[in-house]
Amino acid sequence: MTILVALTLTATAQEVSTQGQQKALGMNALEQLKADPRRSYGTDYPYSFDVPALTKAPKGYTPFYISHYGRHGSRYYWNSQLYQQLDTLLSVAHRRGQLTAEGEAFYERFMVAKDELKTGVSELTDLGWEQHQRIARTMFSNFPEVFRRGGNVLAISSLTGRCVLSMASFCEELTQCNPKIEIREQSSRFTLDGVVPGDRQNPLRRQFPRAHARWEQHRDLFQYKDDLGRRVVPRVFTSTDSLPGNMNRIGEDLINLYTSLPSIGHVGMMGRIVTDEELAARWESSNLGTYSWVFGPQNEQIPILKDILKKAEAVINGQSDRIADLRFGHDTNLGPLTVLMGLNGADLDPEDPNEVKNVYQNWQTGKASNVQLVFYRGKKGAEDVLVKCLLNGVEARLPMATDMFPYYKWTAFRDFYTSKINKIN
């Protein structure tokens with residue numbers, strides 16, 4: 001596998017901080033990519049349950065409440081254009097004899113599946129349903145003290161069907177684990193501010209300042225030329241003369257279809273037209289693009305962070321009896337939320353594009369990805385509360401001091417993010 005080697009530049013103080021966090025977490029993006037090249041699918045990466053064991057809570061602390069935000073599970077491609085364009089393209093090329101042998105085999109398999117694909121556009125797949133079932137059961141198993149006596153849970157979702165069904169799957173599994181759990185599920189304009197604040201139907205929708213990733217001003221430091229799309233096209237077509245679409249568009253459509261196949265149960269449809277190894281070789285380039293689009297709208301997620309803080313405070317102060325708050329939305333919210341919260345250094349905004357891979361990896365915003373904030377109560381009163389953050393089931397580092405990682409004092413957590421919100425506002 002060919003992986004782009006980062007240019008060696010003088011480290012800034014920010015980069016040193018990034019590297020320190022990576023070392024503390026035992027993480028190396030390229031090593032993770034080598035271990036599982038499918039991570040190069042980025043936001044198309046199906047949820048992985050291969051996570052390390054959790055750190056035992058400090059003596060005297062017991063989990064009592066969980067605040068969660070999850071992306072919907074695996075789905076068909078979000079846009080009908082992909083399937084329609086490939087249908088037209090392959091049909092014309094087949095009729096004109098412009099397909100290679102491998103292209104013909106792909107054409108035949110695509111034609112068998114195309115009605116399913118076009119009907120399923122944007123909808124949750126069986127795998128997506130199963131992902132949320134398993135995440136719910138894992139949450140229940142990891143934190144039995146939160147759920148063993150039952151209690152009230154509020155689950156809210158975007159208005160999109162795949163998010164509503166993800167919520168239903170998760171909540172049904174929780175109540176299967178313990179029928180004493182009472183869950184109220186809402187997919188409503190009344191609760192959009194806490195899950196998809198930028199939705200046009202949100203009555204509280206408002207504008208926030210857009211952020212700009214600093215690496216974009218230093219693009220010349222990143223030397224990799226991404227030509228995979230152009231290399232893929234000749235594997236399917238003997239010639240693209242007179243075919244609809246240009247070379248770049250055709251190549252990207254083929255790659256987008258390929259990375260979606262594990263989510264829709266059609267792995268193997270494209271044979272060796274695209275390979276995981278090739279996608280891994282271009283991952284740094286695609287990750288840069290993703291970082292820009294999750295970095296930009298981070299401030300738009302402030303209402304979600306406010307919702308997290310407000311509901312947690314109510315539980316801690318005894319004004320709410322909920323044992324969990326669950327939210328089900330989209331990568332366009334979860335990715336920017338991880339940047340806003342600075343999970344594992346995602347907010348560090350390096351100037352050098354070669355350092356971006358060390359602060360953000362786009363597979364962390366993949367299908368069914370989620371953030372779980374787990375709250376632990378001590379024995380010294382209402383303020384004696386710790387919080388731990390899990391990103392996709394793995395203990396995450398927050399941008400504040402602690403001498404008991406992965407646990408942080410709730411008061412420090414609350415004050416840090418309240419201050420950050422106030423500065424942005």
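Coordinates for the structure precede this section.
Quick notes on the rules
- Residues numbered from 1 in each chain as written.
- Predicted model: local features only at pLDDT ≥ 70, side-chain atom pairs only at ≥ 80, totals over all residues.
- Heavy atoms only, no water.
- Helix = DSSP H or I, 4+ residues; strand = E, 2+ residues; numbered from the N terminus.
- Rg over C-alpha atoms; globule rule 2.2 N^0.38 Å.
- Buried < 20%, exposed > 50% of the residue type's maximum accessible area, 1.4 Å probe, protein only.
- Contact = heavy atoms within 4.5 Å.
- Areas by Shrake-Rupley, 256 points an atom, 1.4 Å probe, with all protein chains shown as cover.
- Core = buried A, V, L, I, M, F, W, Y, C linked by side-chain atoms within 4.5 Å.
- Axes fitted to C-alpha atoms, helices over the stretch in contact; angles between N-to-C directions.
- Parallel < 35°, antiparallel > 145°, perpendicular 65-115°, else oblique.
- Left-handed = near helix turned anticlockwise from the far one by under 90°.
- Disulfide = S-S within 2.5 Å.
- Expected span 1.5 Å × (residues − 1).
- Polar contact = N/O pair within 3.5 Å; in protein donor to acceptor, adjacent residues only side chain to side chain.
- Phe/Tyr/Trp six-rings, centres within 6.5 Å; stacked < 30°, edge-to-face > 60°.
- Pairing = 2+ DSSP bridges.

Peer 1: Whenever I open this one, the overall build of the protein chain confuses me. Can you help?
Peer 2: When helices and strands are counted, the protein chain shows 14 helices and eight strands. Relative to the globule expectation of 22 Å for 425 residues, the C-alpha radius of gyration of the protein chain, 23 Å, shows essentially globular dimensions. The principal-axis extent of the C-alpha atoms belonging to the protein chain is close to 75 × 55 × 40 Å. Burial status across the protein chain gives 56% buried among its 425 residues. Sequence separation of at least 24 residues holds for 81% of the intrachain contacts in the protein chain that already meet a minimum separation of 6. Approximately 18600 Å² of the protein chain is accessible, and the part contributed by carbon and sulfur atoms is 48%.

Peer 1: I'm lost on the nonpolar core in this one. Help?
Peer 2: Where a protein is soluble and globular, its nonpolar side chains tend to be buried together. Within the largest apolar cluster, 42 residues are counted, with the highest numbers of intra-cluster contacts made by Tyr83, Leu90, Phe106, Phe110, Phe237, Leu257 and Met270. Mapped by element, the contributors of at least two residues to this core are α2 (29-35), α3 (80-95), α4 (101-120), α8 (228-236), α9 (247-264) and α10 (276-281). Among all residues touching leucine 257, those that are not within four sequence positions of it are Leu82, Tyr83, Leu86, Phe106, Phe110, Met269 and Met270. One finds Phe64, Ile156, Val371 and Tyr408 within the second-largest nonpolar core, a separate group that totals 37 residues.

Peer 1: Even after reading the chapter, I still don't get the packing of α3 against α9, so can you show me in this structure?
Peer 2: Running from N to C, α3 and α9 cross one another at 120°; their axes reach a closest spacing of 10 Å. Classified by the angle their axes make, α3 and α9 are oblique. Here α3 runs over α9; the crossing is left-handed. On the side of α3, the interface is formed by Leu82, Tyr83, Gln85, Leu86 and Leu89, while α9 contributes Arg249, Ile250, Asp253, Leu254, Asn256, Leu257 and Ile264.

Peer 1: In this structure, what is going on with the state of the cysteines? I would like to understand it.
Peer 2: The full count for this structure, using the stated rule, is zero disulfides. The cysteine cysteine 171 is free of any disulfide, with cysteine 177 supplying the nearest cysteine sulfur at 12 Å.

Peer 1: Teacher, can you tell me more about α9 here?
Peer 2: Given 3.6 residues per helical turn, the α-helix brings residues three or four places apart onto the same face. With 18 residues, α9 extends 26 Å from end C-alpha to end C-alpha; this agrees with the ideal 26 Å at 1.5 Å per step. Of all 18 residues that make up α9, 13 are buried, and the element is covered over most of its length. Among the residues of α9, the N-terminal cap falls to asparagine 246, whose side-chain oxygen and the backbone nitrogen of asparagine 248 are separated by 3.1 Å. Glycine 265 sits one or two positions beyond α9 and adopts a positive phi of about 75°.

Peer 1: Looking at this structure, I do not really get the packing of aromatic side chains. What am I missing?
Peer 2: We describe a pair of aromatic rings using the distance from one ring centre to the other and the angle between the two ring planes. For the structure shown, the criterion picks out 16 aromatic pairs. Residues phenylalanine 170 and phenylalanine 328 carry aromatic rings whose centres are separated by 5.4 Å and whose planes lie at 65° to one another, so their mutual orientation is edge-to-face. With phenylalanine 170 in helix α7 (residues 161-177) and phenylalanine 328 in strand β4 (residues 322-329), the pair connects residues that are 158 residues apart, well separated along the chain. Taking the relative accessible area as the measure of exposure, phenylalanine 328 reaches 0% and is therefore buried. Between tryptophan 410 and phenylalanine 413 the ring centres are 5.9 Å apart and the planes differ by 25°, which places this aromatic pair in the stacked class. A residue pair is termed a helical-turn pair when its members lie 3 or 4 positions apart in one helix, as tryptophan 410 and phenylalanine 413 do in helix α14 (residues 410-424) at three residues.

Peer 1: In this structure, what is going on with the environment of glutamine 217? I would like to understand it.
Peer 2: Looking at the secondary structure, you find glutamine 217 in the loop between β3 (181-186) and α8. The class of glutamine 217 is exposed, set by a relative accessible area of 66%. Sequence separation of glutamine 217 and histidine 330 is 113 residues, and the distance between their C-alpha atoms is 28 Å.

Peer 1: Sorry, what's going on with the side chain of glutamate 395 here?
Peer 2: Along the chain, glutamate 395 turns up in strand β7 (residues 394-395). By relative accessible area, glutamate 395 is classed as buried at 12%. A polar contact of 2.6 Å, which involves the side chain of glutamate 395, links it to the backbone nitrogen of threonine 55.

Peer 1: Looking at this structure, I do not really get the pairing of strand β6 (residues 385-391). What am I missing?
Peer 2: Along a regular strand, successive side chains alternate from one face of the sheet to the other. Among the seven residues that make up β6, seven are buried, leaving the element largely enclosed by the rest of the structure. Along β6, one buried face is formed by Val385, Val387, Cys389 and Leu391 and the opposite face, lined by Leu386, Lys388 and Leu390, is buried too. Pairing of β6 with strand β8 (residues 407-409), which is carried by three bridges, proceeds in the antiparallel orientation. Pairing of lysine 388 across the sheet is with tyrosine 407, part of β8. Note: β6 against β7, two bridges, orientation antiparallel. The partner of leucine 390 across the bridge, within β7, is glutamate 395. Between the antiparallel neighbours β6 and β7 lie two residues, among them asparagine 392 with a positive phi of about 55°.

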